Amino acid sequence: MKFVDEFRNVGAARALLDRIRATVTKSWTIMEVCGGQTHTILRYGIDELLPPAVTLVHGPGCPVCVTPIEMIDLAIGLAQRPGVILCSFGDMLRVPGSRSDLFDARAAGADVRVVYSPLDAVDLARRETAREVVFFAVGFETTAPTTAMAIAHASDLGLSNFSVIAAHVRVPPAIEAILAAPDNRVQGFLAAGHVCTVMGIGEYRPIVEKFGVPIVVTGFEPIDLLDGIAMCVAQLEAGRAELENQYARSVRPEGNRAAQALMAAIFTPVDRRWRGLEALPKSALAISDRYAAYDAIRKFNLTSARVAEPLECRAGEVLRGLLKPPQCPAFGRNCTPDHPLGAPMVSSEGACAAYFRAGRVAEATEAE
Amino acid sequence: MCLAVPGRIARIVDQQGLRMGDVDFGGVIRRVCLAYVPEAVEGDYAVVHAGFAISIVDEQAAARTIELVRQMDGKEEESDE
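Rules used throughout
- Here, residues in each chain are numbered from 1, in the same order as that chain's written sequence.
- Written order decides the labels, with chains lettered from A and ligands numbered from 1.
- Since the coordinates come from a predicted model, pLDDT governs what is reported: local features require at least 70, and pairs of side-chain atoms require 80 or more to be given and counted, while whole-chain, interface and lining totals use all residues.
- The way it works is that DSSP assigns letters per residue, a run of H or I at least four long becomes a helix, a run of E at least two long becomes a strand, and they are numbered from the N terminus.
- Only C-alpha atoms enter the radius of gyration, while the globule expectation follows 2.2 Å times N to the 0.38, with N the number of residues.
- Once C-beta atoms have been placed from the backbone, residue pairs whose C-beta atoms lie within 7 Å are recorded as contacts.
- Residue polarity is assigned by list, with Asp, Glu, Lys and Arg as charged and Ala, Val, Leu, Ile, Met, Phe, Trp, Tyr, Cys and Pro as nonpolar; anything else, Gly included, falls into the polar class.
- Strand pairing is assigned whenever DSSP detects at least two bridges linking the two strands.
- Axis geometry follows a simple rule: fit a line to the C-alpha atoms, using only the stretch in contact for helices, then measure angles between N-to-C directions, giving values from 0 to 180 degrees.
- Our exposure labels follow a C-beta count within 10 Å of each residue's own C-beta, placed from the backbone: buried means 20 or more other C-beta atoms, exposed means 12 or fewer, and partly exposed covers the counts in between.
- Confidence scores labelled pLDDT are given residue by residue by the predictor and lie between 0 and 100.
- Note on angle classes: values under 35 degrees are labelled roughly parallel, values over 145 roughly antiparallel, values of 65 to 115 roughly perpendicular, and the remainder oblique.
- Crossings are sorted by hand: turned counterclockwise from the far helix by less than a right angle, the near helix makes the crossing left-handed, and turned clockwise it makes it right-handed.
- An automatic or database domain assignment provides the domain bounds reported here.
- Each nonpolar core reported here comprises buried Ala, Val, Leu, Ile, Met, Phe, Trp, Tyr and Cys residues connected via C-beta atoms within 7 Å.

## Section: the overall build of chain A
At step 1: What chain A contains, in helices and strands, is 17 helices and 11 strands.
At step 2: The C-alpha atoms of chain A give a radius of gyration of 21 Å, which matches the 21 Å a tight globule of 368 residues would have.
At step 3: The principal-axis extents of the C-alpha atoms in chain A amount to approximately 65 × 45 × 45 Å.
At step 4: Of the contacts made within chain A by residues no fewer than 6 positions apart, 77% connect residues no fewer than 24 positions apart.

Listed below in structure tokens is the structure:
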């Protein structure tokens, strides 16, 4: 496919690896923020091809993984109500709540459906006028505009049987929290190219300046990641801390203005607890008062109490880049994609699933 | 979740007041919302996420990245400039 194959070229990968090897003189720890990038790194073994001095740690950029358990419980509870059709992206259905997941709810008779686009849920509400259609919306700033458009479209169509559990989150507060933590060891970031496609790059400049770390906005193909790593290492070696854009073919400095405008109308930033990262200021997007009729939390008077994380699952440390999945005692033993203890083993973007699918189970047992 | 794939916009249509399009992903056609890329024309490559085009691929920027890497590889072609 055009704009994909060129960015998987082996010769180009070799040239970038040579460039990185020739540049590195010290040890550096770089975090890729987005779970999609983590999967590319593991799938192509990029972490193993890099010189040992360059360590990649995996960031919290898996929206399914950072959604608090109580929010999943809330969706399960709503799905079990008569007359409700609960829709979400496929990944959400297998994420364990405190007692069960949405697949269990479906097996027990709840009407839970997977959608490709939030507009599919609006279409469903248009056809099923006697039912309440609820979209469980997760995702970073890449996905929030798709939910915003679904709400705006439902409003335009005058639908009163469509609403949304909004669990959208923002990347910059998470990067700030990781850098501000006393045990932080991340020296440079690869920022998420598709989040920046929507939001632009301006939000990251104050972080670069405040913490003195390089941030390179990076794409998702192997060549993009190697290019982003090369740019980040070059900055670190030169003692520079700048905001750079590796993914210029999709990311404009100002981002997607149309998407930002609708997001600003539909959502309002609120504080939210993330799994593994605690409460982060202005880190989530709740539905604004003007569109309260489309907010399932208010429409159905949903309330939730904080639920403790399972002790055996160390997803919190994985999400902060403090622990690599194979270092978790449960990894590959009592936690697998078929029987996940935590969301990072479920999601197509979770770091634990990335290691498991790349066959990195052996290194966990060999290390003992 | 933030996965997005480039595809070629084959046809632009209006659907219930929304600007939509049929996008060709290497032979697989999907109906995609184009409301966030008002500048898009048929033949453009769009970056598509969850059924929405979030940007139009800047083909010159894509070529520049490839060219920079090629030069690194010491394989740059003689140019006519």
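## Some details on the interface of chain B and chain A
At step 1: Across the boundary between the two partners, chain B contributes 30 residues, which contact 44 residues of chain A.
At step 2: Secondary-structure elements contributing two or more residues to the side of chain B that touches chain A are strand E2 (18-25), strand E4 (45-49), strand E5 (52-56) and helix H1 (59-72) of chain B.
At step 3: Here the element with the most residues in the side of chain B that touches chain A is H1(B); it accounts for 6 residues.
At step 4: Split by residue class, the side of chain B that touches chain A holds 22 nonpolar, 6 polar and 2 charged.

## Concerning the sheet that holds strand E2 (residues 54-61) of chain A
All names here are of chain A.
At step 1: Strand order in the open sheet formed by 5 strands is E2-E1-E7-E8-E9, with parallel pairing between adjacent strands. Each edge of the open sheet carries a strand with a single partner, namely E2 and strand E9 (243-245). Neighbour-to-neighbour, the strand axes of the sheet open up by a mean angle of 25 degrees, direction not taken into account.
At step 2: Across 4 bridges, strand E7 (residues 188-192) lies against strand E8 (residues 215-218) in parallel orientation. Along E8, the bridge assignment pairs Phe 189 with Ile 215.
At step 3: Lying on the sheet, helix H12 (residues 222-237) is in contact with strand E1 (28-34), E2, E7, E8 and E9; it crosses E8 at an angle near 170 degrees.

## Focus: unusual backbone geometry
At step 1: Positive phi is not limited to glycine here, since A:Phe3 has a value of about 70 degrees.
At step 2: At B:Ala50, a residue that is not glycine, the phi angle is positive and equals roughly 45 degrees.
At step 3: B:Ala50 sits in the buried class, given 25 other C-beta atoms within 10 Å.

## Some words on the sheet that holds strand E4 (residues 111-114) of chain A
Residues and elements named next belong to chain A.
At step 1: As summarised here, the arrangement of the 6 strands in space is E4-E3-E5-E6-E11-E10, forming an open sheet in which the pairing is mixed. Both edges of this open sheet fall to E4 and strand E10 (267-274), since each of them pairs with a single strand only. Mean inter-strand twist for the sheet, computed between neighbouring axes without regard to direction, equals 25 degrees.
At step 2: Sheet topology places strand E6 (residues 162-169) next to strand E11 (residues 278-287); 2 bridges connect them, and they run antiparallel. From the neighbouring strand, Val 169 faces E11, where its bridge partner is Ala 284.
At step 3: Running over the sheet, helix H9 (residues 171-180) touches E10 and E11 and is turned about 180 degrees from E11.

## Structural notes on the confidence of the model for chain B
At step 1: Summary statistics for chain B give a mean pLDDT of 89 and a share of 89% for residues scoring 70 or more.
At step 2: Note on residues 76-81 of chain B: pLDDT is under 50 here. Beyond four places in sequence and across chains, it has 2 contacts.

## With respect to the environment of B:Gly26
At step 1: By the element assignment, B:Gly26 lies in the loop between E2 and strand E3 (28-33).
At step 2: Spatially, the C-alpha atoms of B:Gly26 and B:Arg8 are 8.4 Å apart, while their sequence positions differ by 18 residues.

## Comments concerning the packing of helix H7 (residues 118-127) of chain A against helix H8 (residues 144-157) of chain A
Residues and elements named next belong to chain A.
At step 1: Remark: H7 packs on H8, axes separated minimally by 8 Å, with the N-to-C direction vectors making an angle of 25 degrees. In terms of orientation, H7 lies roughly parallel with respect to H8. Crossing of H7 against H8: the hand is right-handed. Of the residues in H8, those in contact with Pro 118, Leu 119, Ala 121, Val 122, Ala 125 and Arg 126 of H7 are Thr 146, Thr 147, Met 149, Ala 150, His 153, Ala 154 and Leu 157.

## Quick notes on the domain arrangement of chain A
Residues and elements named next belong to chain A.
At step 1: You can read the domains of chain A as domain 1 (1-306) and domain 2 (315-359).
At step 2: The C-alpha centroid of domain 2 is placed 18 Å from the C-alpha centroid of domain 1.
At step 3: On the side of domain 2, 18 residues touch domain 1, which itself brings 25 residues to the contact.
At step 4: Of all the secondary structure elements, the ones that give two or more residues to the side of domain 1 that touches domain 2 are helix H2 (35-43), E2 and helix H4 (63-66).
At step 5: Examining the composition of the side of domain 1 that touches domain 2, we find that 6 residues originate from one element, H2, more than from any other.

## Some points on the environment of A:Glu242
At step 1: Examined against the element boundaries, A:Glu242 turns out to sit in the loop between H12 and E9.
At step 2: On a C-alpha basis, the gap between A:Glu242 and A:Tyr116 in space is 37 Å, while along the polypeptide they are 126 residues apart.

## Overview of the nonpolar core
As a rule of thumb, soluble globular proteins bury nonpolar side chains together.
At step 1: One finds A:Ala75 and B:Ala53 to be the most contacted residues of the largest nonpolar core, which totals 150 residues.
At step 2: Per-element tally for this core: the top contributor is H12(A), with 9 residues.
At step 3: In this structure, this core is formed jointly by two domains, domain 1 (1-306) and domain 2 (315-359) of chain A, each of which donates at least three residues.
At step 4: Here A:Ala75 is in contact with A:Leu86, A:Leu102, A:Phe136 and A:Ile165, once residues within four sequence places are set aside.

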